[in-house]
Amino acid sequence: MLDLFRRRKSGLKFTLWIVIFALSGGMVLLFVDVPTGVGVTLGNREVAVVAGSRITVAEYRRAFGRLYESYRQNYRMDSLDPAILKQLGLPQQALDGLINQYAVDHEASRLGIEVSPKEVAEYIATNPAFQEAGSFIGAERYKQILQANNFSISEYERNIRMDILGQKLRSVLTDGIIPTVEETHQEFVVRNQEIKLRYVAIDPGELAPEQVAEEELQAYFEEHGDEYQVEEMRSVRVVEVSVKADELELREEDIRIRMTTLNESDQVRASHILISTASREDAEAREAASEILSQLREGADFAELATEHSDDPGSGTQGGDLGFFERGQMVPEFERTAFSLEPGEISDLVKSQFGYHIIKVTEAPKIDRRKVAEEQLREEGAKTQALNLATKMIYQVKERTSLEDIAQQHGLEMKETAFFSLGDVVPGLQVRSDFNQQVFTLSAGQVLERPYENGNTYLVAELLATQPAQAMPLEEARGLVTDDFKSARGEEIARERAFALAASARQEKSLTQAARAQRMKTTSTDFFKQWVSIDETLGSAQAVHERAFRMEPGEVSPAILVSDRYVVFELAEKSSIDEQAFEQDKKQLREALTGKQRMEFYQAWLKNLVRRLYEEEQIQVNQEVVDAASS
């Protein structure tokens, strides 16, 4: 896409601004839909509805694409696995952002806050993305930049209107929030004051006993025996039901009907020349495209003319080559023509929303429609017959016929698994975790209510035996019990010593003296500010920060657990506050604190608004569509 603007230098910086301002890297080709695993199959379905307003798949995919691209670049990965995306929460982040935006739009409208077309126009005209030498670049170039980044004018300006509306609403809600002088001074203290600590850290692991007496171990096990359990285990009988597809007989009528649903080509390779209507009048674009088509009819080289004239930067530098694409990836007008041409054939002019195309198909591999139809029918038929047979077998078992006898009748093998727990991999079977969940709902002798689909086969599963959860004998659990006892004893000793040290230090008003008396090591920190790392041992422990900065020099803390260690600390020194510096920084600091308080208030308000709309059932999410659009 940037190639287009290498030929129009001044436009390049505007495109980059748009990328930063609107897309954050989510650029797409001019007319080829970016595949995300769903193509166009989602149609016009919405991912969510907020107070009657639809959030479309296209909007969601654009928002998700921006997040995806940001994470991909930050992690420097060519692609991100869908499982990783879900762990990072990208699908939900994208959805939440759009829901928030639409919720704000709804609430602003409800309160009578409006945005006029003039305000939108002024906002756009003064945006650096659309300015050159301090002036607006003009309607045609504005339209060209948006279309080059796959935005329609109406969609982009609707987003701008919603942004302005949100800003107005935020002003209404937060303009009255102004921090007091006292709050500003406290913010200055938090940012600038430094303290030093003296502390003792007591590690339970260092105090754990090396040896454990048998009577102590026995007593600990008797007290905590219910913690050492063997999980409930189950085993099942399983018959795998499948039908050989190549043995199925097909009706000629069915084959012919299926053939009529198949296209001769599933994909084609094509080149095109695009004469865009973004930067010129329609008549002018059509005339230019017609001239190029005439040259092609007279034998001119397609690739040369595409390189010279095409307004699609994604393919123009490749001689117009788009590579292979399947049905559903192009806009309808383009697709219909491309799939109707024979290899080497050049189309007439094809008009789309992007301008005029001249299309040349270079490869169109044909499929054997009869062969494909037969393969599809055999696969579908085999799976249907397997499902019917598996269902019949389940009913027979329920009627008191043994699963083993039924399997023998149909020439099928029956397997018996070893015992497995709810979270185990089932021995000898490649099944999902939901198989375990279904098995653990059965009573002895019961079969699963429905055949379990496992790829192209179905499983009929019967509960064979149950091994109830039971307590481990000490000998079997000895290793675990010994480790747990040592850990618990070390924790107990450390806690007792820490509490005793804190009490002694407070009584003597000196942590150093109390630690020396108990032969403990005292550590002194350097000066540090609030919410920064203290040292390698304490890190940025929140409990230490929250208490230490409220203490006075010489004051001793109670025992606090920090990263599996008990810590007792004493405030050694606190820096003074430079009141003169505060007076100099007060205005700027108050402005920053104002923004912070307003943002915190607005975020809390927005969270409550969205929660209320959910409770009132004014937000409905189509999770199936969300999952498909982000896969």
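Refer to the structure above for everything that follows.
All values derive from a computational prediction rather than experimental measurement.

**Side note on the overall build of the protein**
Okay, step 1: Helix and strand counts for the protein stand at 24 helices and 20 strands.
Okay, step 2: Considering only contacts within the protein whose residues lie at least 6 apart along the sequence, 72% involve residues at least 24 apart.

**Observations regarding unusual backbone geometry**
Okay, step 1: Located in the positive-phi region is Ser563, a residue other than glycine, with phi close to 50°.
Okay, step 2: Position of Ser563 among the secondary structure elements: in the loop between β18 (560-562) and β19 (565-574).
Okay, step 3: You can call Ser563 exposed: its relative accessible area is 60%.
Okay, step 4: We note that Asp564 has phi near 70°; this positive angle belongs to a residue other than glycine.
Okay, step 5: Position of Asp564 among the secondary structure elements: in the loop between β18 and β19.

**A look at helix α17 (residues 369-398)**
Okay, step 1: Taking 1.5 Å per residue, 30 residues should reach 44 Å; α17 reaches 44 Å between its end C-alpha atoms and fits that length.
Okay, step 2: For α17, the full list of buried residues reads Ala373, Leu377, Ala382, Ala386, Ala390, Met393, Ile394, Gln396 and Val397.
Okay, step 3: Those residues of α17 that are buried are in contact with β7 (233-241), α12 (252-260), α18 (403-409) and β14 (457-467).
Okay, step 4: Arg400, located one to two residues past α17, shows a positive phi value of around 80°.

**Regarding the pattern of salt bridges**
Okay, step 1: Tallying each qualifying case throughout the model produces 32 salt bridges.
Okay, step 2: Put simply, Glu119 and Lys168 hold a salt bridge, and the shortest N to O gap is 2.8 Å. Of this pair, Glu119 sits in helix α6 (residues 117-125) while Lys168 sits in helix α8 (residues 153-174); the two residues are 49 residues apart in sequence, bridging distant segments of the chain.
Okay, step 3: Given the relative accessible area of 27%, Glu119 is considered partly exposed.
Okay, step 4: Between Glu492 and Arg489 there is a salt bridge; the shortest N-O distance is 3.2 Å. Of this pair, Glu492 and Arg489 both sit in helix α20 (residues 474-508), separated by three residues, roughly a single helical turn.
Okay, step 5: Among the residues examined, Glu492 registers a relative accessible area of 32% and is labelled partly exposed.
Okay, step 6: Among the charged side chains, a network of salt bridges with common partners joins Glu107, Arg110, Arg612 and Glu616.

**Description of the side chain of Ser271**
Okay, step 1: Within the element layout of this structure, Ser271 appears in strand β8 (residues 267-276).
Okay, step 2: Among residues more than four places away in sequence, those in contact with Ser271 are Phe302, Gly319, Gly320, Asp321, Leu322, Ile358, Ile359, Lys360 and Thr362.

**Section: the nonpolar core**
Okay, step 1: Val47, Val50, Ile55, Tyr60, Phe130 and Tyr156 are the most contacted members of the largest nonpolar core, which totals 47 residues.
Okay, step 2: Of all elements in the fold, only β1 (46-50), α3 (57-74), α5 (90-110), α6, α7 (139-148), α8, α23 (579-615) and α24 (623-629) reach the threshold of two or more residues within this core.
Okay, step 3: Broken down by element, this core gets its largest block of residues, nine residues, from α5.
Okay, step 4: Beyond its immediate sequence surroundings of up to four residues, Val47 is in contact with Ile55, Thr56, Val57, Tyr60, Leu95, Gln620, Val621, Asn622, Val625 and Val626.

**Observations concerning the packing of aromatic side chains**
Okay, step 1: Tallying each qualifying case throughout the model produces 15 aromatic pairs.
Okay, step 2: Pairing Phe64 with Tyr68 gives two aromatic rings, centres 6.3 Å apart and planes at 35°, and the pair type is tilted. With Phe64 and Tyr68 both in helix α3 and four residues apart, this pair spans about one turn of that helix.
Okay, step 3: For Phe64, a relative accessible area of 7% corresponds to the buried category.
Okay, step 4: Taken together through their ring pairs, the aromatic side chains of Phe130, Phe136, Tyr142 and Tyr156 make up a single cluster.
Okay, step 5: Here the basic side chain of Arg170 rests over the ring of Tyr602, its NZ or CZ set 4.2 Å away from the ring centre.
Okay, step 6: The ring centre of Phe440 lies 5.0 Å from the NZ or CZ of Arg234, which sits over that ring.

Scoring rules and cut-offs
Residues numbered from 1 in each chain as written. Predicted model: local features only at pLDDT ≥ 70, side-chain atom pairs only at ≥ 80, totals over all residues. Heavy atoms only, no water. Helix = DSSP H or I, 4+ residues; strand = E, 2+ residues; numbered from the N terminus. Contact = heavy atoms within 4.5 Å. Buried < 20%, exposed > 50% of the residue type's maximum accessible area, 1.4 Å probe, protein only. Expected span 1.5 Å × (residues − 1). Salt bridge = Lys/Arg side-chain N within 4 Å of Asp/Glu carboxyl O. Core = buried A, V, L, I, M, F, W, Y, C linked by side-chain atoms within 4.5 Å. Phe/Tyr/Trp six-rings, centres within 6.5 Å; stacked < 30°, edge-to-face > 60°. Lys NZ or Arg CZ within 6 Å of the ring centre and 35° of its normal.

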